[in-house]
Each structure stands twice: as C-alpha cells, then as structure tokens.
Amino acid sequence: MTVLDAVRQLRDASPDVTGRPRVIAIDGRGGAGKTTLAERLRKVVPNSAIVHTDDIAWNHAYFDWGAVLVENILQPLHRGEAVNFRPDAWIAHDRRGSISIPAGADVVWAEGSGIIREELAPWLDASVWMQGDLDEQERLLLVRDGGSPEQLAHVANWLLEELPFMLRERPWARATMIVAGPPQIDLDPDTELFVAPPPSP
C-alpha cells in the first residue's frame, strides 16, 4: 500500500470530524519505528503535526501519562484550540521549549508506545499498530537507548513495564491498521508500507 493510500484509509475511519484535527495514534513496542512512520505520514499531510508521548513521559513515568496527555493536549485539540504545553517535569528539570501544535492542523499524529489504550480510546479517531520482530525491536531499543550502565538500567526497567502493559491493553486488537516495521520485503521506504489485511469477519 502506498503511504498516501494509508493516510486516506485512516482518514476514512473518521469521516465526520470537523472543526478540529483528526487525532491518529501510532503505537508499537520500543524500537518498532513509530517516529519514522510518523514523519513519513506527516510529509504526506503537510498541514499536520506530531506529538511524541516520550515528551509527555520524560522524567514522569513510562506509561502512567494518559491523564496528562488528555488534559493538556487531546482536550484542547478536540476543542479546535492550539496547544502550548510545558509538562511539570520540563519545568522542574529546566528543559527548554514546549509541546506546541498550531490551531488549524488537519491531522495530529500522536506516536508512542502505549498510546492505543482503553483510557484514550474516546480521544483517538484512528490508529496504527506497528508489528515487528520482538527480539529485533529489543536490539534496536538497546542500540538507541543503551550504552552507559544508567541507560542499560533504563532499558531493562522499560521492558519490565512494557510487556505487561501491552499484554493488558492489546493495542494491536484496537488498531485501525497494522503496519510491518521494518518489513522484510522489498518496498520503497519513502512511498510504500506493508499493511496487514483486515481480519476475517
């Protein structure tokens, strides 16, 4: 499937959205390629923005950030408002900047492990689960976040929380679309996605 066709299918999942951006979630295990996919989708929808749940979770919690996301980002988006949010941990640790989304965006791609969850279902218009090889995703997570003893401890603690959370929430079962990442077949990485067929009725 082309990336453009994937965008159309995700838009068609919420045809009645007006007066606000569509909020489309991209979920998957750490190292699955969510950020890369979000950037590819954003390029196809120029008037769109990306929210990274890692920014919400930064120095806060691995997965216990749903209420913060709803109150400070998803509720304003559903009201058609701009977002300019500095999480408490950013203030406490003097991290510069803010999570900003201008008013009038067509789509907001909300990407991060754990975003497709029951708690957030009322706020999401469509969603993508990125499926991949579990061992390879853990290897990529270690390459990305590991290194020092502190970073290795962070990855180990992440994995201890990630698997039970995913098994409890089963985000792949809620997703509008399942995408392979990274696929093991020959695709154009700029224009194509390998999308699983819809489940049999």
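Now for the confidence of the model for the protein chain. Here the protein chain shows a mean pLDDT of 86. Residues at 70 or above account for 82%. Here helix H6 (residues 134–145) is the element of the protein chain with the lowest mean pLDDT, 67, and strand E5 (residues 107–111) is the one with the highest, 98.

Within the span of helix H2 (residues 34–44), buried status applies to Lys34, Leu37, Ala38, Arg40 and Leu41. In a view along the axis of H2, the buried residues occupy a sector of 160 degrees, so they form one face of it. Every exposed residue of H2 that faces more than 90 degrees away from the buried side is listed here: Thr36 and Lys43. For H2, the secondary structure elements touched by its buried residues are helix H1 (3–12), strand E1 (22–28), strand E2 (48–52), E5 and strand E6 (126–131).

Attention shifts here to the pairing of E6. Here is the key point about a regular strand: its side chains alternate between the two faces of the sheet. Most of E6 sits inside the fold, with 5 of its 6 residues counted as buried. Inspection of the sheet shows E1 paired to E6 by 5 bridges, in the parallel sense. From the neighbouring strand, Ile26 faces E6, where its bridge partner is Val128. As paired strands, E6 and strand E7 (residues 177–180) are joined by 4 bridges and run parallel to one another. In the sheet register, Trp129 faces E7, and the bridge partner there is Ile178.

With that out of the way, let us pick up the packing of aromatic side chains. The final tally for this structure, using the stated rule, is 2 aromatic pairs. When the ring of Phe63 is compared with that of Phe165, the centres are 4.5 Å apart and the planes differ by 15 degrees; the resulting orientation is stacked. A residue pair is termed long-range when its members are at least 10 positions apart, and Phe63 in the loop between helix H3 (53–57) and helix H4 (66–78) and Phe165 in helix H7 (residues 149–169) qualify at 102 residues. For the pair Phe63 and Phe165, one class covers both residues: buried. With a centroid separation of 5.4 Å and an interplanar angle of 65 degrees, the aromatic rings of Trp129 and Trp172 are classed as edge-to-face. Highlighted residues: Trp129 in strand E6 and Trp172 in helix H8 (residues 171–174), separated in sequence by 43 residues. Since its relative accessible area comes to 4%, Trp129 is described here as buried. The ring of Trp58 has Arg95 sitting right over it, with the charged end atom 5.0 Å from the ring centre.

To continue, consider the sheet that holds E1. With parallel pairing, the 5 strands of this open sheet are ordered in space as E2-E5-E1-E6-E7. A strand with exactly one partner marks an edge of an open sheet, and here the two such strands are E2 and E7. Neighbour-to-neighbour, the strand axes of the sheet open up by a mean angle of 20 degrees, direction not taken into account.

This brings us to the nonpolar core. Leu69, Ile73, Ile101, Ile115 and Leu120 are the most contacted members of the largest nonpolar core, which totals 31 residues. Apart from the residues within four sequence positions on either side, Ile115 is in contact with Ala25, Ile26, Asp27, Thr53, Trp65, Leu69, Ala110, Leu120 and Leu124.

Considering all chains together, one arrives at 8 salt bridges under this definition. Asp125 is paired through a salt bridge with Arg20; the nearest N and O atoms lie 2.9 Å apart. You can see Asp125 sitting in the loop between E5 and E6 and its partner Arg20 sitting in the loop between H1 and E1, a full 105 residues away along the chain. Like Asp125, the residue Arg20 is buried in the burial classification.

Looking now at the packing of H1 against H2. Where H1 contacts H2, the two axes come as close as 10 Å, and the packing angle between them is 85 degrees. Overall, the two elements H1 and H2 adopt an arrangement that is roughly perpendicular. Every residue of H2 that contacts H1 at Val3, Leu4 and Val7 is listed here: Arg40, Leu41 and Val44. Residues that form the contact of H1 with H2 fall into these classes: 5 nonpolar, no polar and 1 charged.

Conventions and cut-offs
- Residues numbered from 1 in each chain as written.
- Predicted model: local features only at pLDDT ≥ 70, side-chain atom pairs only at ≥ 80, totals over all residues.
- Heavy atoms only, no water.
- pLDDT = per-residue confidence, 0-100.
- Helix = DSSP H or I, 4+ residues; strand = E, 2+ residues; numbered from the N terminus.
- Buried < 20%, exposed > 50% of the residue type's maximum accessible area, 1.4 Å probe, protein only.
- Arc of directions from axis to C-beta.
- Contact = heavy atoms within 4.5 Å.
- Pairing = 2+ DSSP bridges.
- Phe/Tyr/Trp six-rings, centres within 6.5 Å; stacked < 30°, edge-to-face > 60°.
- Lys NZ or Arg CZ within 6 Å of the ring centre and 35° of its normal.
- Axes fitted to C-alpha atoms, helices over the stretch in contact; angles between N-to-C directions.
- Core = buried A, V, L, I, M, F, W, Y, C linked by side-chain atoms within 4.5 Å.
- Salt bridge = Lys/Arg side-chain N within 4 Å of Asp/Glu carboxyl O.
- Parallel < 35°, antiparallel > 145°, perpendicular 65-115°, else oblique.
- Nonpolar A, V, L, I, M, F, W, Y, C, P; charged D, E, K, R; others polar.

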